[in-house]
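The primary structure of each chain is shown beneath.
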Amino acid sequence: MNKDPMFQVRVPASTANLGSGFDSIGLAVNLYCTLTVAKADVWSFEFCGDAGIRDLPLEKNLIYKVIVSMAEKYGCKPIPHHIVVHTDIPLERGLGSSAAALIGGIEVANEIFSLGLTRDEKLANAIPFEGHIDNIGAALFGGLLIGTAFNDEFYYASFDFPTCDCLAIVPPYALSTEDSRKVLPENFSRAEAVKGSGIANVLVAALAKGDMELAGKMMMKDVWHEPYRAKLMPELKQLKAKAGDLHIYAALISGAGSTMFVFAKSGDGMRVLKEMECLFPHCKLLQLEVDTVGAVVIR
């Protein structure tokens, strides 16, 4: 078996929703899933890293399923490769681990099949797997991405995220997206929908203006998912209650949870991190930065 690497694919983690931007706002951050690809006699995957990743049979391996799906779609022969998967993105913690794997698989397929896909074409291939655009869009493009996908159409806008410090609180327990969605209501009243959309509209406007103080206020007023998911995350109530004392812009659920995200004033992140260490000694605390590059291929 030839395991001399041909290329690497690096894909960032992402936090999504940002409070009221449910299933439509994603932000890439500097945790990464890296795939090292080499030709081989049979398909094989080697998993390493400290994010709790485990060996999977091929039929359950998202990266492999994406590559095979792309081969079928574009009429290519799925020639076997050996792929080393190294990730520091915690699994099932709301930091876009599956989105990173999905985009990684598309980037690998684009390389080994010489497809020459544009970024929009890669995004179009990813949407049927994920269903919504937030995590996969941020992972692919980097930075802040706001978008929507429906009826085989997708629309998005991306721009710079306001200057601030980003912190993640990662509890020791996993929370699957499926379980996190089960607690959400099937319907909202018109009054609730008007309130929720208004909050989300102001959030987007504030982000576009670079007004992090206003954006943070709107992140904290979500009605779409956080009031329902809070019961799955006992730390969230404590964090939000301490938000004023911590002097932060916002405290919110990252994606579907269980990770919580905090936005603080630029240069204030280390102070906030040390204070949160006392509040959440059982959690892993991370000071992160926005990834502005997105998925890259390193030859």
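Position numbers for residues count from 1 along each chain, tracking the sequence in the order it is written. The model is predicted, so local features are restricted to residues of pLDDT at least 70 and side-chain atom pairs to those at 80 or more, both for listing and for counting; the totals for chains, interfaces and linings are taken over all residues. To get the side-chain values, all heavy atoms of the structure are used, and hydrogens and water are removed first.

Asks: Explanation requested: the side chain of His-225 in the structure shown.
Replies: Structurally, His-225 is set in the loop between α7 (212–219) and α8 (226–229). With relative accessibility at 0%, the residue His-225 sits in the buried group. When checking whether two residues touch, look at their non-hydrogen atoms; a contact exists if any pair is within 4.5 Å. With near-sequence residues (within four places) excluded, His-225 lies in contact with Asn-17, Gly-19, Phe-22, Leu-184, Ile-253 and Gly-255. Per the convention used, a helix needs a DSSP run of H or I reaching at least four residues, while a strand needs a run of E reaching at least two, with both numbered from the N terminus. Note on classification: 1.4 Å probe, protein chains only; a residue is buried when its accessible area is under 20% of the maximum for its type, exposed when over 50%, partly exposed between these limits.

Asks: What is the right way to look at the pattern of salt bridges in this model?
Replies: Oppositely charged side chains may form a pair once their charged atoms are brought near each other. A carboxyl oxygen of Asp or Glu within 4 Å of a side-chain nitrogen of Lys or Arg is what we treat as a salt bridge. Overall, the coordinates contain seven salt bridges when judged by the stated rule. One salt bridge connects Arg-181 with Asp-23, and the closest N-O pair in it is separated by 2.8 Å. With Arg-181 in helix α5 (residues 177–182) and Asp-23 in the loop between β1 (7–16) and β2 (25–39), the pair connects residues that are 158 residues apart, well separated along the chain. Taking relative accessible area as the criterion, Arg-181 reaches 31% and is therefore assigned partly exposed.

Asks: Can you help me understand the packing of aromatic side chains in this one?
Replies: The relative placement of two aromatic rings is captured by the distance of their centres and the angle of their planes. Aromatic pairs are defined between Phe, Tyr and Trp rings, using the six-membered ring for Trp, whenever the two ring centres lie within 6.5 Å; interplanar angles under 30 degrees are classed as stacked, those over 60 as edge-to-face, and all others as tilted. On inspection of all chains with the given rule, the structure shows eleven aromatic pairs. Relative to Tyr-64, the ring of Trp-43 has its centre 5.5 Å away and its plane inclined at 75°; by these criteria the two rings are edge-to-face. Separated by 21 residues along the polypeptide, Trp-43 in the loop between β2 and β3 (44–49) and Tyr-64 in helix α1 (residues 62–74) bring together distant segments of the chain. Ring centres of Phe-154 and Tyr-156 lie 6.4 Å apart, and the angle between their planes is 10°; on these two criteria the pair is classed as stacked. Judged by relative accessible area, Tyr-156 falls into the partly exposed class, the value being 31%. Put simply, the rings of Trp-43, Phe-45, Phe-47 and Tyr-64 touch in pairs and so form one group of aromatic residues. The residue whose ring lies beneath Arg-10 is Tyr-32, and the NZ or CZ to ring-centre distance is 4.4 Å. Any Lys NZ or Arg CZ found within 6 Å of a ring centre and within 35 degrees of that ring's normal is scored as a charge over the ring.

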